[in-house]
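# Structure at a glance
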Amino acid sequence: MESKTLKKARVMTRPKANTLDPQGVVVKSNLERSLGIKYLKKVSVGRYIEVELEEGPEEDVKKNIQEAIDKLLYNEIIEDYEVIYE
């Protein structure tokens, strides 16, 4: 079985469901009051982080990305995250 070379890691963070998202609250308010947008229950604002990867063993590359996520790219107290490798 041939191993694929990982080119990118896409990390998406978003506020946890039970966490207040002040930025989302402001965006929702502006959409409703300033732009007349209706039917919005909740707006959440997250972050999108794209990391271009150097070639290396897949297991090591993923381990390094996980370390970056755990140490800097997201706040485990208030955020959830998802990683997509390409």
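Summary of the structure given here. Please read these numbers as outputs of a predicted model, since none were measured by experiment.

## Looking at the overall build of the protein chain
- For the protein chain, the count of helices and strands is 2 helices and 3 strands.
- Over its C-alpha trace the protein chain gives a radius of gyration of 17 Å, far above what one expects of a compact globule, namely 12 Å for 86 residues.
- The principal-axis extents of the C-alpha atoms in the protein chain amount to approximately 55 × 25 × 20 Å.
- Going through the 86 residues of the protein chain one by one, you find that 24% of them count as buried.
- Sequence-distant contacts, at least 24 apart, represent 73% of the contacts inside the protein chain between residues at least 6 apart.
- Considering the protein chain, the positive charge centre built from 15 side chains and the negative charge centre built from 17 side chains are found 10 Å apart.

## Comments concerning helix H2 (residues 58–73)
- If you check which residues of H2 are buried, you get Val61, Ile65, Ile69 and Leu73. All buried residues of H2 project into a common sector of 80 degrees when viewed along the axis, lining one side. Turned more than 90 degrees off the buried face of H2, the exposed positions are Glu59, Lys63 and Lys71.

## A short note on the side chain of lysine 28
- Structurally, the position occupied by lysine 28 is in helix H1 (residues 22–33).
- A polar contact of 2.9 Å, which involves the side chain of lysine 28, links it to the side chain of glutamate 32.
- Those residues in contact with lysine 28 that sit more than four places away from it in its chain are Leu40, Lys41, Lys42 and Val43.

## Concerning the packing of aromatic side chains
- Tallied over the full model, the rule gives 1 aromatic pair.
- Relative to tyrosine 81, the ring of tyrosine 74 has its centre 4.6 Å away and its plane inclined at 55 degrees; by these criteria the two rings are tilted.
- On the accessibility criterion, tyrosine 74 (18% relative accessible area) is buried.
- A relative accessible area of 26% means that tyrosine 81 is categorised as partly exposed.

## Some remarks on the nonpolar core
- Core analysis: the biggest nonpolar cluster contains 10 residues, these being Leu6, Ala9, Val11, Ile49, Leu53, Val61, Ile65, Ile69, Leu73 and Tyr74.
- Where this core is concerned, the elements lending two or more residues are strand E1 (8–15) and H2.
- Broken down by element, this core gets its largest block of residues, 4 residues, from H2.

## Here's the deal with the sheet that holds strand E3 (residues 79–85)
- An order of E2-E1-E3 is seen for the 3 strands of this open sheet, with the pairing classed as antiparallel. Every interior strand has two partners, whereas the edge strands, strand E2 (47–52) and E3, have only one. Looking at each pair of strands side by side, their axes are set apart by 20 degrees on average, direction ignored.
- Relative to E2, E1 runs antiparallel, the two being bridged by 6 bridges. Across the sheet, residue threonine 13 finds its bridge partner in E2, namely arginine 47.
- Relative to E3, H2 is tilted by about 155 degrees, and along the sheet it contacts E1, E2 and E3.

Cut-off values and rules
- Residues numbered from 1 in each chain as written.
- Predicted model: local features only at pLDDT ≥ 70, side-chain atom pairs only at ≥ 80, totals over all residues.
- Heavy atoms only, no water.
- Helix = DSSP H or I, 4+ residues; strand = E, 2+ residues; numbered from the N terminus.
- Rg over C-alpha atoms; globule rule 2.2 N^0.38 Å.
- Buried < 20%, exposed > 50% of the residue type's maximum accessible area, 1.4 Å probe, protein only.
- Contact = heavy atoms within 4.5 Å.
- Lys, Arg positive; Asp, Glu negative; His and termini not counted.
- Charge placed at Lys NZ, Arg CZ, Asp CG, Glu CD.
- Arc of directions from axis to C-beta.
- Polar contact = N/O pair within 3.5 Å; in protein donor to acceptor, adjacent residues only side chain to side chain.
- Phe/Tyr/Trp six-rings, centres within 6.5 Å; stacked < 30°, edge-to-face > 60°.
- Core = buried A, V, L, I, M, F, W, Y, C linked by side-chain atoms within 4.5 Å.
- Pairing = 2+ DSSP bridges.
- Axes fitted to C-alpha atoms, helices over the stretch in contact; angles between N-to-C directions.

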